[in-house]
Amino acid sequence: MSTQSRRYRSQDWFDNPDHIDMTALYLERFMNYGITPEELRSGRPIIGIAQSGSDISPCNRIHLELAKRVRDGIRDAGGIAMEFPLHPIFENCRRPTAAIDRNLAYMGLVEILHGYPIDAVVLTTGCDKTTPSQLMAAATIDIPAIVLSGGPMLDGWLDGELVGSGAAIWKGRKQLAAGKIDEEKFLQIAAASAPSAGHCNTMGTASTMNAIAEALGMSLTGCSAIPAPYRERGQMAYETGKRIVEMAKQDIRPSQILNRDAFLDAIVVNAAIGGSTNAQQHIVAMARHAGVELKSSDWMEYGHKVPLLLNMQPSGKFLGERFHRAGGVPAVMWELEQQGRLRSNRLTVTGATMAENLKGRETNDREVIYPFNAPLKEDAGFFVLKGNLFDFAIMKTSVISPEFRQRYLSKPGQENVFESRAIVFDGSGDYHNRINDPSLNIDENCMLVIRGAGPIGWPGSAEVVNMQPPDALIKRGVNWLPTLGDGRQSGTSDSPSILNASPESAVGGGLAYIRTGDTVRVDLNEGSCNMLISDEELAKRKAEGIPPVPESQTPWQELYRSTVGQMETGACMELALKYQGVGDKLARHNH
Ligand SMILES: CC[C@@](C)(O)[C@@H](O)C(=O)O
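The structure displayed is predicted, hence computed values, not measured ones. (Residues numbered from 1 in each chain as written. Predicted model: local features only at pLDDT ≥ 70, side-chain atom pairs only at ≥ 80, totals over all residues. Heavy atoms only, no water.)

Turning next to the UniProt feature "domain: Dihydroxy-acid/6-phosphogluconate dehydratase C-terminal" (unreviewed entry) in the protein chain. Feature annotation in UniProt places "domain: Dihydroxy-acid/6-phosphogluconate dehydratase C-terminal" (unreviewed entry) on residues 367–571, given in this structure's numbering. Here residues 367–571 runs as 20% helix and 20% strand, with 37 Å between its end C-alpha atoms. (UniProt positions renumbered as here; feature names shortened; annotations may be inferred. Helix = DSSP H or I, 4+ residues; strand = E, 2+ residues; numbered from the N terminus.)

Dropping the structure here:
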């Protein structure tokens, strides 16, 4: 018996009076795992579960379990679940970088949602790019969609101290270089930082992007921070399954949720949580696929003067379990909402506005979530820079330490200005080979520069800008140097880096022309970053051409390079941006 409230796109496959000849073909093979034609023709919405978990996507592997609860929710609410795989994206392991797969997973999901009888979809997110890729696809297709985060791992502990994923690796490799620990201890630290199923327990890119999905209004309230193994995670999966059926019935689509206000709120929330610099390109990409214009100046205008409220690594102290218990993303947003810093009168997947979702969500843990008027740090949003090295790059100010401020930004009469001698590397192989070369004479006054690490140069933008100083400096206690590059940096890193530089050197950005020994001047008062060389010298170097770019090693690398834009504009597949709302444009029949 039909429980139908509207006609669904899946009925064009299963219940199409104009093409009854095709219906038999579309129906028959679903029967071979036990679905009956009556079910598929009952007028119930068919709900896709985009399954991002697999053995090579360990951060998302919990979704293999959670999907069972999602299915229960879908059934109980009157829908039919159909689970299918998403192209895996695993940041730690995918070579040459997971960044090339965001657009591949995006494209794959677009094709699935467009070409199959799916009326609405649950997006199962976790590791960094599994969130933006799926939201980009949901925006392109524009059928009802909801995010279910897989959640972070439990907090890591070793020797009575919190050990955060990612952050522990960057810290451990410095301790190794300094001779303070051996390899066995290093591996022990890595294991301690990853004690259970889930994605990074730090505010790395995974937690950041899941928080942003929630801030955009694309997940149920409180979804993103629940640790993967907690019972609430399974319950959230069930509720998400139930809710997507209602959304299908009500036809609530991403285009009604993903507006400019939502993206500006995402920028504000990202600053308040000390979010990953990777968020910049992903937020821009999601916005562009949703048809929303975000300007590069929006990061400064809306995002910079936002205080850091969340005390979580790498900008702070705690890890994901404490964040969840402190109220998670809604509690941070509640602080911002009280101060009128959000544009919260906007629809979310709950069917209510963000303002309504945030009611009563004040934190009960002021060690973790600070009040807006007494924050951990003022002006914690990204700092946007430009100059003759690039048109756009960002610096994560929430991780700038008092030592960095003291050493580089506090010279009397020169506050917020510093100059460094550039040491230039062509890709991370070159960095690893030469960083300990004594003839480079690297000291405290140097800046480590890496190029050839952008979307086209690498290909994909590699997470390589957080370079550590030579072992000899680390042994002397100099644990970091300023860095600069056209690649990305781990969201779990606390390096004072200038990154996401666009245009990259591979397309003739200014970084292509810098040489080791040049002076780089960074002025945080006026937002500039320049190599101090004459116009004649620059012209001479330009005539010499750009550094060579490695060959593509797979077909997708070549295709990726031919379609991708720069990080300033989200490293999108530029040709994809003209496709929006294509879920309504049904594909031609296949036989
Ligand atoms: C190694 C993977 C990480 C931790 O760098 C990434 O997930 C991030 O947070 O940016």
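Another aspect to go through is the site of the ligand. Every residue close to the ligand is listed here: E91, N92, D128, W170, C200, G204, T205, N278, E463, S490, G491 and T492. At 2.9 Å from an oxygen atom of the ligand is found a side-chain nitrogen or oxygen belonging to D128. Within the complex, the protein chains bury 94% of what would otherwise be the 290 Å² of accessible surface of the ligand. Among the residues forming the shell around the ligand, the class breakdown is two nonpolar, seven polar and three charged. Both domain 1 (44–155 + 195–358) and domain 2 (382–544) contribute no fewer than three residues apiece to the shell around the ligand. (Near = heavy atom within 4 Å. Polar contact = N/O pair within 3.5 Å; in protein donor to acceptor, adjacent residues only side chain to side chain. Areas by Shrake-Rupley, 256 points an atom, 1.4 Å probe, with all protein chains shown as cover. Nonpolar A, V, L, I, M, F, W, Y, C, P; charged D, E, K, R; others polar. Domains from an automatic or database assignment.)

Attention now moves to the nonpolar core. Core analysis: the largest hydrophobic core is formed by 136 residues, its most contacted members being L216, I283 and I498. Taken domain by domain, this core gets at least three of its residues from each of domain 1 (44–155 + 195–358) and domain 2 (382–544). Counting 27 residues, the second-largest nonpolar core is a separate cluster that includes A211, A225, F318 and F372. (Core = buried A, V, L, I, M, F, W, Y, C linked by side-chain atoms within 4.5 Å. Buried < 20%, exposed > 50% of the residue type's maximum accessible area, 1.4 Å probe, protein only.)

Another point: helix α8 (residues 183–193). Those residues of α8 not exposed but buried are F186, I189, A192 and S193. An end-on view of α8 places all buried positions within 125 degrees of arc, on one side of the element. Turned more than 90 degrees away from the buried face of α8 sit E183, E184, L187 and A191, all of them exposed. The inward-facing, buried residues of α8 contact β5 (156–158), β6 (161–163) and α7 (167–177). (Arc of directions from axis to C-beta. Contact = heavy atoms within 4.5 Å.)

Here we take up the sheet that holds strand β1 (residues 46–51). Strands sit in the order β2-β1-β3-β4 across an open sheet of four strands; the sheet is parallel. The open sheet terminates on both sides in strands that have one partner only, identified here as β2 (80–85) and β4 (145–149). Between one strand axis and the next, the sheet turns by 25 degrees as a mean value, whatever way the strands run. Here β1 runs beside β2; their pairing, made up of six bridges, is parallel. In the strand pairing of β2, Q51 is matched with P85. Packing against the sheet, helix α10 (residues 231–250) makes contact with β1, β3 (120–125) and β4, and its axis sits at approximately 175 degrees to β4. (Pairing = 2+ DSSP bridges. Axes fitted to C-alpha atoms, helices over the stretch in contact; angles between N-to-C directions.)

As a further point, take the packing of helix α6 (residues 130–141) against helix α9 (residues 205–216). Where α6 meets α9, the closest approach of the two axes is 8 Å, and the angle between their N-to-C directions is 35 degrees. Each of T131, P132 and L135 in α6 lies in contact with α9, whose residues at this interface are M209, N210, A213 and L216. Class assignment of the residues belonging to the contact of α6 with α9 gives a composition of five nonpolar, two polar and no charged.

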